[in-house]
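Descriptive analysis of the structure
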Amino acid sequence: MGSNQLGNRIRSFRKLKGYTQQSLSEKLGVSLSFVGSLERGTRTPTEPVLRKIASTLQVDYEELCAIK
C-alpha cells in the first residue's frame, strides 16, 4: 500500500473515532506535525508505530494496512 493510501486510511479511521489530529497525536505521544505528515503520505510509519495507531483507533492492524 502506498503512503497516500495509508494516510487516507489513517485519516478516515481517525475521523470515524471523532479524533482531531491534535487528540490523536496526544494519544500516540507524537507531534501534531507527525500525524499530519502521515495523513498526507509524506512520512511512512514503522510497523510498531502503525500497530500503536491501530490500537489507539481500535481497528485491526491488518484492516488499517488493508492487508485483508
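Since we're looking at a predicted model, the values are computed, not measured.

Rules used in this analysis
Residues numbered from 1 in each chain as written. Predicted model: local features only at pLDDT ≥ 70, side-chain atom pairs only at ≥ 80, totals over all residues. Heavy atoms only, no water. Helix = DSSP H or I, 4+ residues; strand = E, 2+ residues; numbered from the N terminus. Contact = heavy atoms within 4.5 Å. Buried < 20%, exposed > 50% of the residue type's maximum accessible area, 1.4 Å probe, protein only. Arc of directions from axis to C-beta. Core = buried A, V, L, I, M, F, W, Y, C linked by side-chain atoms within 4.5 Å.

What follows deals with the side chain of serine 37. Along the chain, the position of serine 37 falls in helix H3 (residues 32-40). Discounting chain neighbours no more than four positions away, the residues touching serine 37 are Thr42 and Arg43.

A separate point is helix H2 (residues 21-28). Residues of H2 that are buried include every one of Leu24, Ser25 and Leu28, and no others. Considered in projection along H2, the buried side chains sweep an arc of 100° and stay on one side of the axis. The inward-facing, buried residues of H2 contact helix H1 (3-17), H3 and helix H4 (47-57). In the segment just after H2, glycine 29 is the residue with positive phi, at about 75°.

Let us now look at the nonpolar core. Ile10, Leu24, Leu50, Ile53, Leu57, Val59 and Leu64 are the most contacted members of the largest nonpolar core, which totals 17 residues. It is H4 that contributes the most residues to this core, 4 residues altogether. Ignoring anything within four residues of it in the chain, the contact list for leucine 57 reads Ile10, Phe13, Arg14, Lys17, Tyr19 and Leu24.

Here we take up the environment of serine 25. Checked against the element boundaries, serine 25 lands in helix H2. Counting along the chain gives 11 residues from serine 25 to glycine 36, while the straight-line C-alpha distance between them is 9.2 Å. Not counting residues up to four positions away in its chain, the partners in contact with serine 25 are Val30, Ser31, Leu32 and Val35.

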